[in-house]
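Per-entry structural report
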Amino acid sequence: AFSTANTDLVLDTWGVVRVIYNGASSSLRIDDNAVTGGNPGSANAGGFTLGSVGAGNNYFSNIEVAEIIIYSGVVSAGDDAKIMTYLKTTYLSLP
């Protein structure tokens with residue numbers, strides 16, 4: 001619901017997208033840019049959809065995805081930093 005408020009991922013570029021789904025504490029972050037917050041609701045997620053607005057809407061993205069990492073629990077700040085370093089060095093060639 002709050003992804004349209006974040007325009008940090010430039011067209012025709014690779015980026016790291018990190019999403020935390022946690023009710024009012026949910027967030028979306030592109031690369032090392034500022035976090036966009038939002039509240040997608042308190043209900044359990046109905047699944048995982050990538051590159052589409054939702055079932056029945058016929059709005060699809062023209063994207064390429066290199067890797068998806070999904071956790072079902074809390075990721076510590078240290079582990080988050082390690083994951084980000086791995087993704088950047090593997091896919092973005094950033095220090």
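Residues numbered from 1 in each chain as written. Predicted model: local features only at pLDDT ≥ 70, side-chain atom pairs only at ≥ 80, totals over all residues. Heavy atoms only, no water.

It is worth spelling out the confidence of the model for the protein chain at this point. Here the protein chain shows a mean pLDDT of 77. Residues at 70 or above account for 77%. Within the protein chain, no element has a lower average pLDDT than strand 3 (residues 36-38), which sits at 78, and none a higher one than helix 1 (residues 77-92), at 88. (pLDDT = per-residue confidence, 0-100. Helix = DSSP H or I, 4+ residues; strand = E, 2+ residues; numbered from the N terminus.)

The strand order across the open sheet built from three strands is 1-2-3, with neighbouring strands paired in antiparallel fashion. Edge positions in the sheet fall to strand 1 (17-20) and strand 3, since each has one partner strand and no second. Going across the sheet, the axis of each strand differs from the next one's by a mean of 15 degrees, ignoring polarity. Direction of pairing for strand 2 (residues 26-30) relative to strand 3: antiparallel, over a ladder of three bridges. Bridging from a neighbouring strand, L28 pairs with T36 of strand 3. (Pairing = 2+ DSSP bridges. Axes fitted to C-alpha atoms, helices over the stretch in contact; angles between N-to-C directions.)

Despite not being glycine, D12 shows a phi value in the positive range, around 60 degrees. Structurally, D12 is set in the segment before strand 1. Its relative accessible area of 84% is what places D12 among the exposed residues. Despite not being glycine, D31 shows a phi value in the positive range, around 50 degrees. Topologically, D31 is positioned in the loop between strand 2 and strand 3. (Buried < 20%, exposed > 50% of the residue type's maximum accessible area, 1.4 Å probe, protein only.)

For helix 1, with 16 residues, the first-to-last C-alpha span of 21 Å sits near the 22 Å given by 1.5 Å per residue. Those residues of helix 1 not exposed but buried are I83, M84, L87, K88 and L92. Angularly, the buried residues of helix 1 cover 130 degrees about the axis, an arc narrow enough to put them on a single face. For helix 1, the elements touching its buried residues are strand 1. (Expected span 1.5 Å × (residues − 1). Arc of directions from axis to C-beta. Contact = heavy atoms within 4.5 Å.)

On the surface, L50, I63, V65, I68 and I70 cluster together to form a nonpolar patch covering roughly 460 Å² of accessible area. Residue position: I63 is located in the loop between strand 3 and helix 1. (Patch = residues over 30% accessible without salt bridge, like charges linked within 9 Å, V, L, I, M, F, W, Y side chains within 5 Å. Areas by Shrake-Rupley, 256 points an atom, 1.4 Å probe, with all protein chains shown as cover. Salt bridge = Lys/Arg side-chain N within 4 Å of Asp/Glu carboxyl O.)

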